[in-house]
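# Report on the structure
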Amino acid sequence: MAAADAAGRGVVAVRWSRSGSSFALNATVPVGSVANVALPMQLGEKQLSTVAEATMLVWGDGAYKPGVAGFNGATKESAPYGVVVFSVGSGGYNFAATYA
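First, a word on scope: everything that follows refers to the structure included in this document.

Rules behind the numbers
Counting starts from 1 at the beginning of each chain's written sequence and moves along it residue by residue. The predicted origin of the model limits local features to residues at a pLDDT of at least 70 and limits the giving and counting of side-chain atom pairs to 80 or more, whereas totals for whole chains, interfaces and linings rest on all residues. Hydrogens and water are ignored here; the side-chain numbers use all heavy atoms of the structure. What counts as a salt bridge is simple: a side-chain nitrogen of Lys or Arg found within 4 Å of a carboxyl oxygen of Asp or Glu. Remark: exposure states derive from per-residue accessible area (1.4 Å probe, protein chains only) relative to the maximum for the residue type, with buried under 20%, exposed over 50%, and partly exposed in between. A pair of strands is labelled paired if DSSP reports no fewer than 2 bridges between them. Helix and strand labels come from DSSP, where a helix needs a run of H or I of at least four residues and a strand needs a run of E of at least two; each type is numbered from the N terminus. Here, residues are in contact when the closest pair of their heavy atoms is within 4.5 Å.

### Here's the deal with the pattern of salt bridges
- Taken as a whole and judged by the stated rule, the model has 1 salt bridge.
- For aspartate 61, the salt bridge identified is with lysine 65, shortest N-O distance 3.9 Å.
- You can call aspartate 61 exposed: its relative accessible area is 75%.

Quick look at the structure:
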């Protein structure tokens, strides 16, 4: 899905897919913007194990792994359902989540 952001900075886009115990999410955040990207904590009966952006680990062992460019942090939220919310700046992101 793609749409112009409210401030007119550019296109906001997101696409996701699921294959077995993997979940992929691609997001585009316009220049000068910040976005919150939420990934599910559970996929079927399996729990979130790791999240990588491209090849860099950003979530593992139940916690945010800092150091990846564009990432401002992550939080675990349980209401209304379990998600991990990543705060990211402008750019293109390729999240790859695995569940075990």
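### Concerning the pairing of strand E3 (residues 22–40)
- As defined by bridge partners, strand E2 (residues 11–19) adjoins E3 across 7 bridges and the pair is classed as antiparallel. In the sheet register, serine 19 faces E3, and the bridge partner there is serine 22.
- Joining the antiparallel neighbours E2 and E3 is a turn of 2 residues, in which glycine 20 adopts a positive phi near 60°.
- Here E3 runs beside strand E9 (residues 83–99); their pairing, made up of 15 bridges, is antiparallel.

### Points about the side chain of serine 87
- One can find serine 87 in strand E9.
- Excluding anything up to four places from it in sequence, serine 87 contacts Val34, Ala35, Asn36, Gly70, Phe71, Asn72 and Gly73.

### Here we look at unusual backbone geometry
- A positive phi angle is found at alanine 54, which is not glycine, with a value near 60°.
- Tracing the sequence through the fold places alanine 54 in the loop between strand E5 (46–53) and strand E6 (56–60).
- The phi torsion at aspartate 61 lies on the positive side, around 55°, for a residue other than glycine.
- Along the chain, aspartate 61 turns up in the loop between E6 and strand E7 (63–64).

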